[in-house]
Amino acid sequence: MAQLLVNVTPFRPTITESKSKPGVFEVEGVMQRASAENQNGRVYKKEILEREAKKYVDEFVNRGNAFGELDHPESPVVSLKNASHIVKELYWKGDDLMGKVELLNTPAGNIVKEIIKAGHTIGISSRGTGSVQQTNEGTLEVQPDFELVCWDFVSNPSTHGAFM
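All of these numbers come straight from a predicted model, not from anything done at the bench.

About the criteria used
- Residues numbered from 1 in each chain as written.
- Predicted model: local features only at pLDDT ≥ 70, side-chain atom pairs only at ≥ 80, totals over all residues.
- Heavy atoms only, no water.
- Helix = DSSP H or I, 4+ residues; strand = E, 2+ residues; numbered from the N terminus.
- Buried < 20%, exposed > 50% of the residue type's maximum accessible area, 1.4 Å probe, protein only.
- Contact = heavy atoms within 4.5 Å.
- Areas by Shrake-Rupley, 256 points an atom, 1.4 Å probe, with all protein chains shown as cover.
- Pairing = 2+ DSSP bridges.
- Phe/Tyr/Trp six-rings, centres within 6.5 Å; stacked < 30°, edge-to-face > 60°.

**Regarding the overall build of the chain**
Check the secondary structure of the chain and you find two helices and 11 strands. Reading the secondary structure of the chain in the N-to-C direction produces β-β-β-β-α-β-β-β-α-β-β-β-β. Per-residue burial for the chain yields a buried fraction of 48% across its 164 residues. Contacts in the chain between residues at least 24 apart in sequence constitute 67% of all its contacts with a sequence separation of at least 6. Of the accessible surface of the chain, which amounts to about 8000 Å², a share of 50% is contributed by carbon and sulfur atoms.

Pasting the structure below:
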């Protein structure tokens, strides 16, 4: 049975003003790490993350509606009234799924922006649905039924090194 799966990564970026859009701020960093155990004890195989990242780019990023929220709701639906950012780009560096994220001028987006501008760390966390299976090593392996919903900004990430 599919359940809501959350994977949090520390995200410590440098905030930069967009060259093409004055007044718009972007951050870039590790969104998720493949084949590595996160703080939730879960491991995402690279082929599953590659599939879902490609699907996310095709269905959301390329259409300009890859929204995320501040904090994780208990729903697999992204609420626009709580949107803080929009994912603009995803790309791979080895096993690290990297991303460029635009911070929105919304109440939630401004909270994220001020936390980062003050030099503090914030986490980024994937939200999706799927199932896990325990391995002989005791980790939880995310199964091929995983479907990525979005990435949210959070206070405590589970993926090591996913701070913006």
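There's plenty left to go through after this.
**A closer look at the sheet that holds strand β7 (residues 96–103)**
Spatial ordering of the open sheet is given by β2-β3-β7-β6-β5, a layout of five strands whose pairing is antiparallel. Of all strands in the sheet, those bounded by a partner on one side alone are β2 (16–17) and β5 (67–69). Looking at chain direction, strand β6 (residues 83–93) and β7 are connected through eight bridges and run antiparallel. Among the inter-strand pairings, Tyr91 is bridged to a residue of β7, identified as Met98.

**Thoughts on unusual backbone geometry**
Positive phi is not limited to glycine here, since Ser35 has a value of about 60°. Considering the arrangement of structural elements, one finds Ser35 in the loop between β3 (25–33) and β4 (42–43). Phi at Asp71 takes a positive value of approximately 75°, unusual for a residue other than glycine. Tracing the backbone shows Asp71 in the loop between β5 and β6.

**A word on the packing of aromatic side chains**
Within the structure shown, the criterion is met by three aromatic pairs. Each ring, one from Tyr44 and one from Phe146, has its centre 5.3 Å from the other, and the planes form 80°; the classification is edge-to-face. Residue Tyr44 is located in the loop between β4 and α1 (46–59), and its partner Phe146 is located in the loop between β10 (140–142) and β11 (147–154); the two are separated by 102 residues in the primary sequence. Here Tyr44 falls in the buried class, since its relative accessible area comes to 1%.

**Description of the environment of Gly68**
Secondary-structure assignment places Gly68 in strand β5. As a C-alpha pair, Gly68 and Ser125 span 57 residues in sequence and 9.6 Å in three-dimensional space. When near neighbours in sequence (up to four residues on either side) are disregarded, Gly68 contacts Val78, Asn82, Ala83, Ser84, His85, Trp151 and Asp152.

**Section: the pairing of β3**
The element β3 is largely enclosed, with a buried count of seven among its nine residues. Relative to β3, β2 runs antiparallel, the two sharing two bridges. Directly across from Thr16, in β3, lies its bridge partner Glu26. Pairing of β3 with β7 involves eight bridges; the strand directions are antiparallel. Its bridge partner lying in β7, Glu28 is registered against Lys100.

**So, the sheet that holds β4**
Reading across the sheet, the three strands line up as β4-β10-β9 and stay open at both edges, with mixed pairing between neighbours. Taken across any chain shown, the strands that pair with only one partner, and hence form the sheet edges, are β4 and β9 (132–134). With three bridges joining them, β9 and β10 adopt antiparallel strand pairing. Directly across from Gln133, in β10, lies its bridge partner Glu141.

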